[in-house]
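A closer look at the structure
So the chains spell out like this:
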Amino acid sequence: MADFGLFDYQEEVVERALKRENIIIWLPTGGGKTRAAVYVAKRHLETTENAKVVVLVNKVHLVDQHYNKEFEPHLGSLYKLIKVSGVSEEKDFFGKVVQRNNLIICTAQILYNALINKEEAKHVELSDITLLIIDECHHTHKEAVYNKVLRCYMEKKLTGEGPLPQILGLTASPGTGGAKILEDAVEHVLEICANLDSAIVSTKNYEPELKKKVPRPTKTFDIVEKRDADPLGDQLKWMMKEIHEFMNLPRDARLRECGTQEYEADVVILEQRGVRENNRLVAQCALHLREYNDALLINDTLRMMDAYRSLEDFYAEKTNAAMDGTDFFLLGLFEENQVELRKLAADSRFENPNMAKLESVLLQQFGPNVKSRGILFSKTRKSTHCLYDWVLKSRALQSAGIKAAILTGAGNGITYMTQNEQADAIRRFRRGDLNLLISTSVAEEGLDIPECNLVVRYGLLTNEIAQQQASGRARAVNSQYSVVARAGGKEVRREHINEHLEELTAEAIAVVQKMTQQHFRRKILEIQNQAAITNKILENKKMEKRGRYAASSIQLLCRNCFQPVASGSDIRLLENAHYVNINPDFKNHFKVGGKVVLPRTFEDWEPGCRISCSNRNCNKEWGFEMKYKKAFYLPNMAISNFALETPHERMTVKKWKDIPFAVEDFNFEQYCQDHYPDLFD
């Protein structure tokens, strides 16, 4: 192993994997889990007949990273390697890709799609794979796609089907699963082991070497005293009170303190209630209250002007969308107070003291002749953009030589990044062209980012896994991990709780590792059998729910204006992913907007334009048209933008999987016959 450059602790943790046991490697961030996995893969390919290694990751950008940084440099000259993600054409014939290559790195969704797809070119059997490596394997829970893959494995194991691949899991932070006491934390670790059908291993004989390789940063709590006066916050709260009074809040409705996450949860429930009860007054007021609450949260963590602009942007889209007295009141309330809000937001005497503290923390590590690298973690994509703007406009930070960039999750929309943009930001950071990344949680886990000497968590409430991952980014010698938070705030309490949970995780793993082989195996099998029964019960309940109503008895209503626009029987499921409306009359209910641009291409379809409600001034966005097989456009609908009128009640759902009726699969030939009968004469 020495010729491969493994440390002694890495050699220790791979020993059982080299004996073909299923194991989870538990090492801290920066401890070299991926390098250890590359070595296991190499030995497996050397010693296994017809070896086939699949490496699963849970985020698209990790496909390229693992391929370019670890697997290809060490194995590329000896074996056929390929990387496949949602942006790769190879996903469309993944079955053939697996046949032709020795090692495949892909997102878990690609493999799961192949396991359930029956087309020969796309299908893969678990028996085709001899070693399955699962990165960040603590995500193997509930409905996560890792768990869906491993349920396929478990079904075969419990029914005696084989052969099955050897499993190698990698994690820096299994967590406690919300447990606060040791007994429950042990149960959580056992569940992860059961889901992966694996034992969990860590270094026992070489802990000093590991600690030297992965030094822990110095942790500081940079506490901010509460601002003496907050006239902008007071004005926003007064306006919210005006809305409360106007909407005639139902007596049994509970709204907790303004400017909190709890209040946000309350108004989300209130909006759903308004829709259910056909009360547009309550539904719309709740939506607007959520925006005011968001402005209060921003006012607590960012600049006052950021809070003002979030409301200004929201109402800019509402100016020409007023439909009734509710809309006119809400729009009028903002417009009447807009000048005052802007004036208060511009008054530097009352600026958020958090910003001054954050500036001070950054200036302690950065300077004109100081080589520093840092990551500033913030909660939302919107907040990263605000902080980036703040850094650019701060003379002190610019003088200190800070060159910042944003790093957020991939997706569609103004505040999302494409995969290429993510890769470019990380590449520039690694090269030294940038020295500060302003990031959401996307940089906490898995990303290969150079050693930082400063990690700042700003206005964050997360669990112990996220805290460990973020802390692990500060890997330089004498690095600092700073928590910037308000005195007496929840963030400090949460950090201390997370420290306790991190210790509890280690204790729970130690308990599991001390179990006899017989006791451990018995517990694992018990959990696996229970999970199989639970999954069957949940699947039956899901089927029962789907069969609760006939599709023809359901009406879809615009969630904003409550206008009936479609029947459940109009909906078809296309390619097991897209819910489209096949009724040609549906086009009478929507108007077409701007073109949708997606950062990837698809085999059978391409995005068209956005669609929105055409009822008077409603303009509620519903989804977008998709051009299918270059032949025709189909409206692709987001169910969260609609209400469902059932024979017994009106309801809302977040996702299509939660609807109470069955949807037929889209049939291309049938659609063509129904809509283009002349072609079949």
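Each value, and the rule that gives it
- Residues numbered from 1 in each chain as written.
- Predicted model: local features only at pLDDT ≥ 70, side-chain atom pairs only at ≥ 80, totals over all residues.
- Heavy atoms only, no water.
- Helix = DSSP H or I, 4+ residues; strand = E, 2+ residues; numbered from the N terminus.
- Rg over C-alpha atoms; globule rule 2.2 N^0.38 Å.
- Buried < 20%, exposed > 50% of the residue type's maximum accessible area, 1.4 Å probe, protein only.
- Contact = heavy atoms within 4.5 Å.
- Areas by Shrake-Rupley, 256 points an atom, 1.4 Å probe, with all protein chains shown as cover.
- UniProt positions renumbered as here; feature names shortened; annotations may be inferred.
- Domains from an automatic or database assignment.
- Salt bridge = Lys/Arg side-chain N within 4 Å of Asp/Glu carboxyl O.
- Phe/Tyr/Trp six-rings, centres within 6.5 Å; stacked < 30°, edge-to-face > 60°.
- Pairing = 2+ DSSP bridges.

So, about the overall build of the protein. Of regular secondary structure, the protein possesses 21 helices and 24 strands. For 681 residues, the compact-globule estimate of 2.2 N^0.38 gives 26 Å, and the C-alpha radius of gyration of the protein, at 27 Å, lies within 12% of that figure. By its C-alpha atoms, the protein is 75 × 75 × 45 Å across when sized along the principal axes. Within the span of the protein, comprising 681 residues, buried residues form 52% of the whole. Considering only contacts in the protein between residues 6 or more positions apart, those separated by 24 or more positions represent 70%. By element, 48% of the accessible surface of the protein is carried by carbon and sulfur atoms, the whole surface being about 32000 Å².

It is worth spelling out the UniProt feature "domain: RLR CTR" (unreviewed entry) in the protein at this point. Feature annotation in UniProt places "domain: RLR CTR" (unreviewed entry) on residues 544-673, given in this structure's numbering. Across residues 544-673, the secondary structure splits into 7% helix and 41% strand, with the terminal C-alpha atoms separated by 32 Å.

Once that is clear, we can look at unusual backbone geometry. The amide bond that connects Gly 162 to the next residue, Pro 163, takes the cis arrangement and shows omega of -5°. Mapped onto the fold, Pro 163 is located in the loop between helix H6 (145-158) and strand S6 (166-171). The phi torsion at Glu 136 lies on the positive side, around 50°, for a residue other than glycine. Residue position: Glu 136 is located in the loop between strand S5 (131-134) and H6.

As a further point, take the domain arrangement of the protein. Here the protein is described as being made up of domain 1 (2-213 + 515-532), domain 2 (218-226 + 366-488), domain 3 (231-350) and domain 4 (551-679). A C-alpha centroid distance of 47 Å is found between domain 1 and domain 3.

Now for the pattern of salt bridges. By the definition in use, this model includes 40 salt bridges. For Arg 16, the salt bridge is made with Glu 21, and the minimal N-O distance between the two is 3.0 Å. When its relative accessible area of 27% is taken as the criterion, Arg 16 is described as partly exposed. The partly exposed category is assigned to Glu 21, whose relative accessible area is 27%. The residue Asp 347 makes a salt bridge to Arg 349 at a minimum N-O spacing of 2.7 Å. With relative accessibility at 18%, the residue Asp 347 sits in the buried group. Assessed through its relative accessible area of 67%, Arg 349 is described here as exposed. The network of salt bridges with common partners includes Lys 219, Arg 457, Glu 495 and Glu 499.

What follows covers the packing of aromatic side chains. For the structure shown, the criterion picks out 18 aromatic pairs. Note on Phe 632 and Phe 668: the rings are 5.8 Å apart at their centroids and 25° apart in plane angle, and the pair reads as stacked. Taken together, the residues span a long stretch of sequence, with Phe 632 in strand S21 (residues 632-637) and Phe 668 in helix H21 (residues 668-675) at a distance of 36 residues. Each residue in the set Tyr 628, Phe 632, Phe 666, Phe 668, Tyr 671 and Tyr 676 is aromatic and connected to the rest through ring pairs, giving one cluster.

With respect to the element layout, Arg 273 can be found in helix H10 (residues 261-276). Among the residues examined, Arg 273 registers a relative accessible area of 18% and is labelled buried.

So, about the sheet that holds strand S15 (residues 564-567). The antiparallel open sheet is built from four strands, whose spatial order is S15-S14-S22-S23. The outermost strands of the open sheet, each flanked by one partner alone, are S15 and strand S23 (650-651). Note: strand S14 (residues 555-558) against strand S22 (residues 642-645), four bridges, orientation antiparallel. By the bridge assignment, Leu 556 is partnered in S22 with Leu 644.

Take the pairing of strand S19 (residues 605-613) next. Where strand S18 (residues 590-595) meets S19, four bridges bridge the pair, whose relative direction is antiparallel. Along S19, the bridge assignment pairs Lys 591 with Ser 612. Two strands pair when backbone bridges link them, and S19 and strand S20 (residues 621-628) are joined in this way by six bridges, in the antiparallel orientation. Across the sheet, the residue bridging to Ser 612 is Glu 621, located in S20.

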